[in-house]
Amino acid sequence: NAIAPAMLCQACLPLLRQSPRAIIVNLSSSFASIGRKTSATPYRYSYSMSKSALNMLTRTLAFELAADNVLAVAIHPGWTRTGIGGPQAQFSAAEAAANLLNVVANLTAEQSGQYLTWLGEPLAW
């Protein structure tokens, strides 16, 4: 959840710098939020920690690439029906993708480096 995205960004950096509107969108999770952590979540240590690392990568990239006009955000897609989310989750994969695309389409430079929800609202780090 952190190493591969970092390597991918590094590999794509020359292309990102050439784009008139480059945006790095890292798919995070509410499990990465330290501020929202109110109880133990059994067996989710590595997942939460790796998503928190992804958030730090996102924040760092936003600062590093600001001069190149490359935006970077971490987005929590909401509770999604996947192998991790399960069948009772709020959103289908298609709905979650549509929500993410909407956030990205309306993203501003001021939001670069933020950790956002599927509605584009800030999420506690």
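Described in the following lines is the structure provided in the data block. (Residues numbered from 1 in each chain as written. Predicted model: local features only at pLDDT ≥ 70, side-chain atom pairs only at ≥ 80, totals over all residues. Heavy atoms only, no water.)

All chains considered together, the criterion is met by 2 salt bridges. D68 is the salt-bridge partner of R17, the closest N and O atoms lying 2.7 Å from each other. Here the residue R17 occupies a position in helix α1 (residues 3-18), and D68 occupies one in the loop between α2 (45-65) and β2 (70-75), the gap between them amounting to 51 residues. On the accessibility criterion, R17 (41% relative accessible area) is partly exposed. R81 is the salt-bridge partner of E95, the closest N and O atoms lying 3.8 Å from each other. One end of the pair, E95, is in helix α3 (residues 93-105); the other, R81, is in the loop between β2 and α3, and 14 residues separate them in sequence. (Salt bridge = Lys/Arg side-chain N within 4 Å of Asp/Glu carboxyl O. Helix = DSSP H or I, 4+ residues; strand = E, 2+ residues; numbered from the N terminus. Buried < 20%, exposed > 50% of the residue type's maximum accessible area, 1.4 Å probe, protein only.)

Okay, the sheet that holds strand β3 (residues 115-116) next. With respect to topology, 3 strands assemble into an open sheet ordered β1-β2-β3, the strand pairing being parallel. Of all the strands in the sheet, the pair left with one neighbour each is β1 (22-27) and β3. (Pairing = 2+ DSSP bridges.)

Take the packing of α1 against α2 next. Where α1 contacts α2, the two axes come as close as 12 Å, and the packing angle between them is 20°. With respect to α2, the element α1 is oriented roughly parallel. The handedness of the crossing between α1 and α2 is right-handed. Taken together, the residues of α2 that come into contact with α1 (itself represented by P5, A6, C9, L13 and R17) are L54, L57, L61 and L65. Classifying every residue of the contact of α1 with α2 gives 8 nonpolar, no polar and 1 charged. (Axes fitted to C-alpha atoms, helices over the stretch in contact; angles between N-to-C directions. Parallel < 35°, antiparallel > 145°, perpendicular 65-115°, else oblique. Left-handed = near helix turned anticlockwise from the far one by under 90°. Contact = heavy atoms within 4.5 Å. Nonpolar A, V, L, I, M, F, W, Y, C, P; charged D, E, K, R; others polar.)

Interpretation in functional terms is not warranted from these geometric data alone.
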